[in-house]
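# Results of the structural survey
For reference, the chains in residue letters:
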Amino acid sequence: MLSPATARELDIEHGDVVTIGSDGRSVEAPVYILPGQAENSIGLQLGYGRTAAGTVAGHVAHNIDPVGVNVSTLRSIEHMHFENGVTITSTGRRHEFATTQEHFAIDRVGLEEISGRVGDLVREGTVDEYAEHPDFAHHGHEEIALWEQPEQDGPQWGMSIDLSKCIGCNACVVACQSENNIPVVGKEQVLKGREMHWLRLDRYFTGDMDDPEVVQQPVACQHCENAPCEQVCPVAATVHSDDGLNDMVYNRCIGTRYCANNCPYKVRRFNFFDYQLPVVQPEQSLKQLAFNPEVTVRSRGVMEKCTYCVQRIRNTSILADNDRRPLEDGEVQTACQQSCPAQAITFGDLKLSGSEVATEQSKPRAYGMLDELNVKPRTKYLARIRNPNPVLKATT
Amino acid sequence: MSAVPIPTRTPSESLRPPLVDGEQTLSSITETVCSIVERPQTPRAWYIAFAISSSLTLMLFGLIGYLIATGIGVWGNNSPVFWGWPIVNFVFWVGIGHAGTLISAILFLFRQQWRTSINRFAEAMTIFAVTCAGIFPAIHVGRVWLVYWLAPYPNQMAMWPNFRSPLLWDVFAVSTYATVSLLFWYLGMIPDLATLRDRATSRVRQFAYGLFALGWTGSARQWHVLEKAYLLLAALATPLVLSVHTIVSFDFAVSHVPGWHTTIFPPYFVAGAVFSGFAMVVTLLVPARHLFGLKDLITPRHLDVMCRIILATSCMVGYAYATEFFTAWYSGNRFEQFAFLNRMQGPYAWAYWTMVTCNVLIPQLYWFKRFRTSPWLMVGVAICVNIGM
Amino acid sequence: MSHALHPAPHSEAFSGKVAGPLRSVGLGCLVVAALIAIVSGNATEFWSAWLHNWLFSITVGLGALLFVAIQHLTKAGWSVVVRRVAECLSVTIGPIAWLAVPILVALLADSHSLFMWNDAAHVMEDPILSGKAAWLNAPFFVIRTCDLPRHLVVVCAAVLRGFCSRRPQRRRRPAFPPACQKRTTAHRSWCDHHTRIIRLDHVTRSALVQLHSGYPICSPSAMVAGLAALTLVVLGLRKIGLLPQVTVEHLHDLGKLLYGFNCFWAYIAFSQYLLIWYANIPEETGWFYHRQIHGWAEVSLVLVALHFVLPFFGLMSRGAKRHAPTLAFWSVIILVANWIDLYWLIMPSVAGPERPRRDW
Amino acid sequence: MSTTVEPTPVTTDEPEPASRLFGAIAIFESAEKLLSAATALKQSGLTKLEAHTPYPVHGIDEALRIAPTRLPWVVLAGALIGAGGAFAMQHWMNGIDYPFLISGKPLMSIPSSIPVTFEVAILLAAFAAFFGVLLFNGLPRLAHPLFRTQVFRRVTSDQFALVAESDDPRFDELRFGVITTEHGATSVESIEQDVSSVAMPTLLKAAGVSLVALALIPPVLIAQARATTSEKPRIHPIQDMDFQAKFKAQTTSPFFDDGRAMRLQISGTVARGDMPIDPAISTGYTSDAPPGPESSQWLDSIPISPTIELMARGRERFNIFCAACHGRGGDGDGIVTVRALELQQGTWVKPISLHDRSVRDQPDGRLFNTITNGVRKMPGYASQIKPEDRWAIVLYLRALQSSRNAQPADVPADVLETLRETN
């Protein structure tokens, strides 16, 4: 990882493979130019390039290379974590990164357009703005429909994500992946735009690219009440449950992909191939143990997406039913919520008065993503509030 | 419209070029047309052509097998381009199919007599085109073996398909369209089959044609009912043909996708369909006319009229492109505007500009008489149109 | 070309008698409209009523013009006997177009009772409107509208000139004269051009800012109105014995066209509604939403019934299209429905969605 | 239109070997001649007169006085049935029989059901038109006397024919010939009835029968397969999600020696959310070693504080789990017991009354242990009743017992007073 300024200085472009040398040791690694990286420094990640443990380690017997570069050879006893005076030379080769950021934009024009729209997608403000207009995040859209909205009984699940708390650590993504048996599709598939994460973390840079502000936004299925995906499914494989979940019925899905087309958030994932097939091979049987027994492993030709961890909701409500008692607030925890170190994610029953999620969603900062489409998302975001220390701000 | 006596022809009408060239009588026309199917020997060229097309068909089946065995991923679809290749083919073929029904039904209703030289031809093309179109929705789904779930049949799951989905409307529209086209085609062909039956010399042909002619005797009463039915079918097929592409366009237009959600889509799709269909008819017609010696029956006038229709629909399509842009700009919706800008400048710019060139600019050549009268120039333009669509 | 065939003794009287009543019908319509508007009181209502009736009157002429253009384009033979009537109907565009002048004057005089976008303060508040300020402003609007009558006059002139000059040409060169063809092409482009203007016109005028989707409706609706008026006039003239050449077959054909275009109108209208209903995007649904509350629902239903359901079944049979009184009845119904259609398009946007005004 | 449809030809006439006259045919070269001849013949009073032409001749309907067909009504009926049927079908399927909520849209809505309604209406109308043609024309009809004449064969190409049938009372072959020749007929012939055997050729018959038989085989096989069971695993070409890569509960895994996919808890560890409670509460005794029947290690009292809620809970649990055998009053007369005794089930042991002194004298811990692990024929309820609830039951049980054996001293004085008064 290099900062844009350093890369300019060294005349290195995004994706160039360079040799990093230190004390006579060297590794070759591709360059990822990332705004926000400190200037004149290189960031390297340990743990990649390993040949054992996990899908990331590849499979030597099958000639599958491990992911990434093992940079631990650069470490020495004196310099476990930091090393000064490294050299960097370009090898002239190029490397293609399979990154899911800015994935749905198709091309450069799309990218530019997205950067122009950040303010619409992710809403943030300073503490002064908040003091002046607490509801600055609302863009004021009428919600009118040409039909009557049906009333639903029972608990109504909802989620709220506080962008002020989110630190963009990706723990939710990983938790979701392991909870929900989400396949690892490999680099080629990711490059084609077929990654399977149900939860993605959108990252946006704003301001000067040499001194950027960064804002992250975890995006999973928003469980819209007027979900555009549901109505277009010809076989009713995605329907609305009574408790407000946007259910995906894997067994009923025939894979028309219409729902994914119509999803404004692009959070539906399609099994273009049998991604779990390798796992069923006998020599991979250990990996089968990693699967959550409560979650169906999806086959080829089936659409999938965030379920609000429906298996947890159902298990917990069965337990509560056994005890002849109503569900308590906070009793159901989604995997992402459970793993969030900053506790940015709240989940619960919106109808339960005083529930944590209802409280969060009623805050003035709360807004629905793309709510001008009248899809009524169940997931709401709390706009990010910045309150930089003026002293620090002045020194940088 | 048998029931309507033809009004006495005004001299102005008789000034128009005749529908057939040369000294033609009823029997000579029958002779010309029937001789094609009554040739004693199948020409070698036919075998060669058949071999080529059947090997291509085999290849198609092989590739479809591979697709089904491997997964939809082989098409290169991804997120957010979930449909891409198959839908393009589907819409293209459905559109092509429209010309046949249009020629048969709408022109019949408008009493355009010039249609008779080409309508059967165009109808046959329609049926093949709809068949081609029908393949794509069937194989484009992720789990092809379950595609029958689209049909509302009583099942052990005790559930029904979702009638609120445009894709289900599509299922009904395309299957209805295929069925009605087939009926229309066959109904019009019964008397012709009877002619072939009565001309046939071999026993096998007599039997085969006789079977399909259903015992047609050409009696006045039979004609009376048949004509009524044909008129009614034409009247039914006309809104049907509009509805089919309208419903296909609903697939896109009901969605939230910027650039798709446009209320202009229904008429725009229909115009485009007619446009491409006519171009396809011209593409096929000119060589067929040449090969089968039908120049007296399919006269330059027919081709000229076809070209005019292509030109007119080309203008409509061009107008629709322009309106889309105008609407995107006018609506003030940034996403909408972006979608259109991206079409012009994005990675698909080549496709966009090819489309505009082939669909709007090149057909303008039909303003020149030369392009409307010279068959090969005409085919060149028509092929461009097909590429453009 | 009927003239060439049957040199009718009263051909002069023919055109005089047709054009005269038509002009007075058109003018009468406008006078009535103006009266209604004045009676109803406030400025918005005055202007919206003016606009509504102006549009209705000009729509009839435009529809007839479209009909004439199409007949020329396709070189249709059957319609010769009624084409002259249609031409006369389309001539009304000329004088009626001038009646748009008061609207323009009012616009330039900074009245925003009709168009919100003429109110500078309002535009500043609305981000969508201010985005469109380059387009939606009084001078631009005036220029474009002035453009409209100019074009239309030229088109009418071209049509008429074509009509008059064609006869000798035909005689000289019987087989597909290139001059004729060029004129046909000219008509074609004019036709394209002017439909375009009609449409754009409707976008801004009838629907203001909200409806950027309803405009393709206008072309079929003009056609339907023109045909209905044409049928009525033809029937009337035939009744008083001025058009003996019009046979039942012609009526049947007119009836079929009327029926067909009426269905086409329904098709377009339904497509619009379904798409907007389905996608449920507030910025679009609002337009229909205002038309299904506060009593507008009844107007909408009446429109559906009068403009589609009833004529659909009424004109379905062959007999109905060949029976002059029945045909006349349905023509009147459709014409009325067309008037309601425009009312329904304009009023909820201009006069506010509170309720359909019944005080007139 | 019915006139073309003959009474089914000759099946009844089979024994009659002589050929019968069907009618006469006159051939014309042009439609005009045909029309004039037809008009003349019709005027002569012939009713069973038919014209056969290669294309529809205008004016023939008037000449032959053919009434307008009723086909349009059939088609309209088809369209209406299609529209109504499709509309009703959609609303029944999506709105009534299997309602599901999508996108907040109403279960039954008119706009979205119009496309399918329209398509089905067109489809049925088209079918009505097509089959109406067949019906009204009596098609398919593969044999017709006309097909036996040579002259008729050009009628579908370029010649015109008038046919008069012999069962018309006014039919006169000679007169027919004269009138048609007057109007320009090129030839006039008489037509014989078709007398050839209507029996199908044996070869065809055999082929037909064997085809039907062959066609029956697959459905029979399928029916048989559905009705029988098989030892072999089923053929499963498309697996979809039927076999899961994950391990479901209680399944085997070849990876481990013991073959269990569900792993036991590693000894000495505590699972998350599984914090142990006080052993006394979960066992009912105080020391680690399990006590003997009369051991003093039993807890003498309930280790959780008795509250009125606990009592209520105990009563509820008792009535759910215990009362079926022990009876609501604890007398050992629960409905299961009563029924078992009625049925004279030899293996049934009647539970003893819980008011028996032997039970009353047991310490609370022992009662708890009995509920937990069972005694004699009574199974343990540890897996069904949580420890707290078991204690609740013990509490309630004690209450039951005291209700039968209470001394006046056990009752509070004021309650005693009230009781005395009511008695």
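In this text the structure is predicted, and so the values were computed from the model without any measurement. (Residues numbered from 1 in each chain as written. Chains lettered and ligands numbered in written order. Predicted model: local features only at pLDDT ≥ 70, side-chain atom pairs only at ≥ 80, totals over all residues. Heavy atoms only, no water.)

### Thoughts on the overall build of chain D
Broken down by element type, chain D carries 13 helices and four strands. Scaling as 2.2 N^0.38, a compact globule of 423 residues should have a C-alpha radius of gyration of about 22 Å, whereas chain D reaches 48 Å, well beyond that. The principal-axis extents of the C-alpha atoms in chain D amount to approximately 135 × 65 × 50 Å. Relative to its 423 residues, chain D shows a buried fraction of 39%. (Helix = DSSP H or I, 4+ residues; strand = E, 2+ residues; numbered from the N terminus. Rg over C-alpha atoms; globule rule 2.2 N^0.38 Å. Buried < 20%, exposed > 50% of the residue type's maximum accessible area, 1.4 Å probe, protein only.)

### A look at the sheet that holds strand S1 (residues 16–22) of chain A
Residues and elements named next belong to chain A. What the three strands build is an open sheet, ordered S2-S1-S3; its pairing is antiparallel. Pairing within the sheet leaves two strands with one partner each, and these edge strands are strand S2 (25–30) and strand S3 (87–94). Mean inter-strand twist for the sheet, computed between neighbouring axes without regard to direction, equals 25°. Here S1 runs beside S2; their pairing, made up of six bridges, is antiparallel. For Val18, the partnering residue across the bridge sits in S2 and is Ala29. (Pairing = 2+ DSSP bridges. Axes fitted to C-alpha atoms, helices over the stretch in contact; angles between N-to-C directions.)

### With respect to the interface of chain D and chain C
How large an interface is tends to be reported as the accessible area lost when its parts come together. Across the contact, seven residues belong to chain D and six residues belong to chain C. Taking both partners together, chain D and chain C bury about 620 Å²; carbon and sulfur atoms supply 87% of that area. Put simply, chain D and chain C have zero residue pairs in polar contact (both at pLDDT 80 or more) between them. Per-element accounting of the side of chain D that touches chain C gives the leading share, four residues, to helix H4 (residues 110–137) of chain D. For the side of chain D that touches chain C, the class distribution of residues is four nonpolar, two polar and one charged. (Contact = heavy atoms within 4.5 Å. Buried area = accessible area lost by both parts, 1.4 Å probe. Polar contact = N/O pair within 3.5 Å; in protein donor to acceptor, adjacent residues only side chain to side chain. Nonpolar A, V, L, I, M, F, W, Y, C, P; charged D, E, K, R; others polar.)

### Considering the interface of chain D and chain B
Between chain D and chain B, the residue contacts involve 66 residues of the former and 60 residues of the latter. Overall, the association of chain D and chain B removes approximately 5,700 Å² of surface from exposure, summing both partners, and the carbon and sulfur fraction of that is 69%. Its largest share of buried area at the contact with chain B, chain D owes to Glu119(D), Phe130(D) and Arg153(D), together 11% of the area lost on that side. Our count for the contact surface shared by chain D and chain B stands at zero salt bridges. Summed over the shared surface of chain D and chain B, the result is eight residue pairs in polar contact (both at pLDDT 80 or more). Looking at the side of chain D that touches chain B, the elements that each hand over two or more residues are strand S2 (49–52), helix H2 (60–64), helix H3 (71–97) and H4 of chain D. In terms of residues, the side of chain D that touches chain B owes the most to one element, H4(D), which gives 17 residues. Split by residue class, the side of chain D that touches chain B holds 44 nonpolar, 13 polar and nine charged. (Salt bridge = Lys/Arg side-chain N within 4 Å of Asp/Glu carboxyl O.)

### Some details on the pairing of strand S7 (residues 213–219) of chain A
Residues and elements named next belong to chain A. By the criterion of burial, S7 is predominantly enclosed, with five of the seven residues buried. Bridge count between strand S6 (residues 200–206) and S7: seven bridges; the pairing is antiparallel. Within S7, the position partnered with Arg200 by the bridge is Val219. Following S6, the chain reverses through six residues before pairing antiparallel with S7; Gly207 in that reversal takes a positive phi of roughly 80°.

### Quick look at the side chain of Glu119(D)
Residue placement: Glu119(D) occurs in helix H4. Each residue touching Glu119(D), except ones within four places of it in the same chain, is listed here: Phe172(B), Ala173(B), Thr176(B), Leu240(B), Ser243(B), Val244(B) and Ile247(B).

### Structural notes on the confidence of the model for chain D
Residue and element names in this part refer to chain D. For chain D, the mean per-residue pLDDT works out to 79, and 91% of the residues sit at or above 70. Note on residues 1–17: pLDDT is under 50 here. Beyond four places in sequence and across chains, it has 20 contacts. Quick note on the complex model: pTM equals 0.76, ipTM equals 0.78. (pLDDT = per-residue confidence, 0-100.)

### Comments concerning the pattern of salt bridges
When charged atoms on two side chains of opposite charge get close, those side chains can pair. Within the structure shown, the criterion is met by 19 salt bridges over all chains. Where Arg298(A) meets Glu304(A), a salt bridge forms, and the shortest distance between an N and an O atom there is 2.9 Å. Taking the relative accessible area as the measure of exposure, Arg298(A) reaches 3% and is therefore buried. For Glu304(A), a relative accessible area of 0% puts it in the buried group. Between Glu331(A) and Arg325(A) there is a salt bridge; the shortest N-O distance is 2.9 Å. Each of the salt bridges in this network shares a partner with another, and the network as a whole consists of Arg313(D), Glu316(D), Arg317(D) and Asp389(D).

### With respect to the packing of aromatic side chains
The geometry of an aromatic ring pair comes down to the distance between the two centres and the angle between the two planes. Applying the stated criterion to the full structure yields 26 aromatic pairs over all chains. Relative to Phe347(A), the ring of Tyr308(A) has its centre 5.0 Å away and its plane inclined at 75°; by these criteria the two rings are edge-to-face. Of this pair, Tyr308(A) sits in the loop between strand S11 (303–304) and helix H10 (310–322) while Phe347(A) sits in strand S12 (residues 345–349), and the two are 39 residues apart along the sequence. Residue class for Phe347(A) comes out buried when judged on its relative accessible area of 1%. In textbook terms, an aromatic cluster arises when at least three aromatic residues are bridged by ring pairs, as seen for Tyr186(B), Phe127(D), Phe130(D) and Phe131(D). Over the ring of Phe270(A) we find Arg257(A); its NZ or CZ atom is 5.4 Å from the centre of that ring. We note Arg263(D) situated over the ring of Phe256(D); from NZ or CZ to the ring centre the distance is 3.8 Å. (Phe/Tyr/Trp six-rings, centres within 6.5 Å; stacked < 30°, edge-to-face > 60°. Lys NZ or Arg CZ within 6 Å of the ring centre and 35° of its normal.)

### Observations regarding the state of the cysteines
All names here are of chain A. Counting across every chain of the model gives zero disulfides over all chains. You can see Cys172 has no disulfide; the closest cysteine sulfur is in Cys169, sitting 6.2 Å from it. The class for Cys172 is buried, based on a relative accessible area of 8%. With no disulfide of its own, Cys224 lies 6.3 Å from the sulfur of Cys221, the closest cysteine sulfur. What makes Cys224 buried here is its relative accessible area of 6%. (Disulfide = S-S within 2.5 Å.)

### With respect to the sheet that holds strand S3 (residues 160–165) of chain D
Residue and element names in this part refer to chain D. With respect to topology, four strands assemble into an open sheet ordered S2-S3-S1-S4, the strand pairing being antiparallel. Both outer strands of the open sheet, S2 and strand S4 (187–192), are each paired with one neighbouring strand and no more. Looking at each pair of strands side by side, their axes are set apart by 25° on average, direction ignored. Note: strand S1 (residues 21–28) against S4, six bridges, orientation antiparallel. Bridge assignment links Ala24 to a residue of S4, and that residue is Ser190.

### A closer look at the environment of Ala229(B)
Topologically, Ala229(B) is positioned in helix H8 (residues 220–253). C-alpha of Ala229(B) to C-alpha of Leu187(B): the two residues are 42 residues apart in sequence and 8.5 Å apart in space. Apart from the residues lying within four places of it in its own chain, the contact partners of Ala229(B) are Leu187(B), Leu71(D), Ala129(D) and Val133(D).

### Topic: the packing of helix H8 (residues 308–326) of chain D against helix H9 (residues 335–343) of chain D
Residues and elements named next belong to chain D. H9 packs onto H8 with a crossing angle of 30° between their chain directions and a minimal axis gap of 4 Å. On the basis of their axis angle, the class for H8 and H9 is roughly parallel. Judged by residue contacts, Ala323, Ala324 and Cys325 of H8 engage Ile335, Val336 and Thr337 from H9. Residues of the contact of H8 with H9, tallied by class, amount to five nonpolar, one polar and no charged. (Parallel < 35°, antiparallel > 145°, perpendicular 65-115°, else oblique.)

### Let's talk about a negative patch on the surface
There is a patch of like negative charges on the surface, built from Glu9(A), Glu39(A), Asp208(A) and Asp211(A). Looking at the element boundaries, Asp211(A) is found in the loop between S6 and S7. (Patch = residues over 30% accessible without salt bridge, like charges linked within 9 Å, V, L, I, M, F, W, Y side chains within 5 Å. Areas by Shrake-Rupley, 256 points an atom, 1.4 Å probe, with all protein chains shown as cover. Lys, Arg positive; Asp, Glu negative; His and termini not counted. Charge placed at Lys NZ, Arg CZ, Asp CG, Glu CD.)

### Some details on a nonpolar patch on the surface
A surface patch of nonpolar side chains, about 500 Å² in accessible area, is lined by Ile48(B), Ile52(B), Leu56(B), Met59(B) and Leu63(B). Inspection of the secondary structure puts Ile52(B) in helix H3 (residues 44–70).

### Side note on the packing of helix H12 (residues 248–279) of chain C against H4(D)
Look at H12(C) against H4(D): their axes get within 9 Å of each other, and the N-to-C directions meet at 125°. Taken together, H12(C) and H4(D) sit at an angle that is classed as oblique. Handedness of the crossing formed by H12(C) with H4(D): left-handed. Packed against H12(C), whose contacting residues are Phe270(C), Tyr273(C), Leu274(C) and Trp277(C), the element H4(D) presents Pro111(D), Ser112(D), Ile114(D) and Pro115(D) at the interface. Looking at the contact of H12(C) with H4(D), its residues break down into seven nonpolar, one polar and no charged. (Left-handed = near helix turned anticlockwise from the far one by under 90°.)

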